[in-house]
Amino acid sequence: MVRDEMALALAIIAVAAGKPVAEMFRSKFVTAWKPDASPVTEADRAAEALIVPLLTDGWPRVPIISEELFAAGCVPPISGRFFLVDPLDGTREFIAGRPEVTVNIAVVEEGRPVAGAVYAPLLERLWFGGSESRVVEIAPGTAFNGAAIGRRIAVREPPTKGLVGLTSRSHGDAATEAFLAKWPLAETRAVGSSLKFCLIAEGGADLYPRLSPTHEWDTAAGHAVLAAAGGDVLTPDGEPLRYGKAPQFLHAGFIAVGRLRLNARAPVPSG
């Protein structure tokens, strides 16, 4: 299956999984705490329970690394190709009643996400990317098909009046703030979940660093969307961000960029 066909297939699943997330957001739900002190809700588990069987039915030989299954110790061996799933990214935002949450599904090949879908069910907005990236307004649970839906998106040229930098709403750290201070920023915005990758992908921002440990399922789908829109996600040293770092599947840190590049950890336009 070519990249855009795979991205569309993942998008269809993500929109379906958005339905229980949206339904539970408007009702009372149970919150628990995992051994790493991160929260998990019924919505996380309901979305995962929908996503994983659909991926297994469609691609029975492709391993799935999904956040809640990983937390439960269900970690299959991986090789060159595997799925990364975050059924509900932004659980803290969800608990706080903020709509900045996403369903994230990506396929990784040889260490790089080659197709992915990011769906914000409470905003009714879907991004998906393979060889190109698209965005579409769509309600949770809506059935659809057709590779030409939505609008094609691309990263923007760095604005002369200054860049827009993005930070995590719930996971700030001093190293990230210090890194951002080196850039010619006109504005810094705090945004929840993987929406930050998508904002850069559609030309609404330029830079998103996070210099603290982050799981691979938090970034893979957004990385695929951003890369297909002309951006990238790099290590703090400017190297390509790689996936499949078993057994913990952790990044030490990353920098998501639009039409920018890193030069000895300093900002310069890509020109």
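What counts and what doesn't
- Residues numbered from 1 in each chain as written.
- Predicted model: local features only at pLDDT ≥ 70, side-chain atom pairs only at ≥ 80, totals over all residues.
- Heavy atoms only, no water.
- Pairing = 2+ DSSP bridges.
- Helix = DSSP H or I, 4+ residues; strand = E, 2+ residues; numbered from the N terminus.
- Axes fitted to C-alpha atoms, helices over the stretch in contact; angles between N-to-C directions.
- Contact = heavy atoms within 4.5 Å.
- Buried < 20%, exposed > 50% of the residue type's maximum accessible area, 1.4 Å probe, protein only.
- Polar contact = N/O pair within 3.5 Å; in protein donor to acceptor, adjacent residues only side chain to side chain.

1. Quick word on the sheet that holds strand E7 (residues 125-129)
Pairing is mixed across the open sheet formed by 7 strands, whose spatial order is E3-E4-E5-E6-E7-E8-E9. Where the open sheet ends on each side, the last strands, each with one partner, are strand E3 (64-66) and strand E9 (151-153). On average, each strand axis in the sheet is tilted by 20° relative to the strand beside it, whichever way the strands run. Note that strand E8 (residues 133-137) and E9 share 3 bridges and pair antiparallel. Across the sheet, arginine 134 pairs through a bridge with arginine 152, a residue of E9. Lying over the sheet, helix H1 (residues 3-25) contacts strand E4 (81-89), strand E5 (102-109), strand E6 (112-120) and E7, oriented at roughly 35° with respect to E6. This element, helix H2 (residues 42-58), spans E3, E4 and E5 of the sheet and lies at about 155° to E4.

2. What to know about the side chain of lysine 34
Considering the arrangement of structural elements, one finds lysine 34 in the loop between strand E1 (31-33) and strand E2 (39-41). Given the relative accessible area of 11%, lysine 34 is considered buried. Within the structure, the side chain of lysine 34 is placed 3.2 Å from the side chain of glutamate 68, a separation counted as a polar contact. Excluding anything up to four places from it in sequence, lysine 34 contacts Pro39, Val40, Glu67, Glu68 and Ala71.

3. Structural notes on the environment of glycine 204
With respect to the helices and strands, the residue glycine 204 is situated in the loop between helix H6 (195-201) and strand E12 (207-210). Separated by 54 residues in the primary sequence, glycine 204 and glycine 150 have C-alpha atoms spaced 17 Å apart. Filtering out sequence-adjacent residues up to four positions away, glycine 204 remains in contact with Arg156, Val164, Arg189 and Leu199.

Honestly, it's all geometry; don't read function into it.
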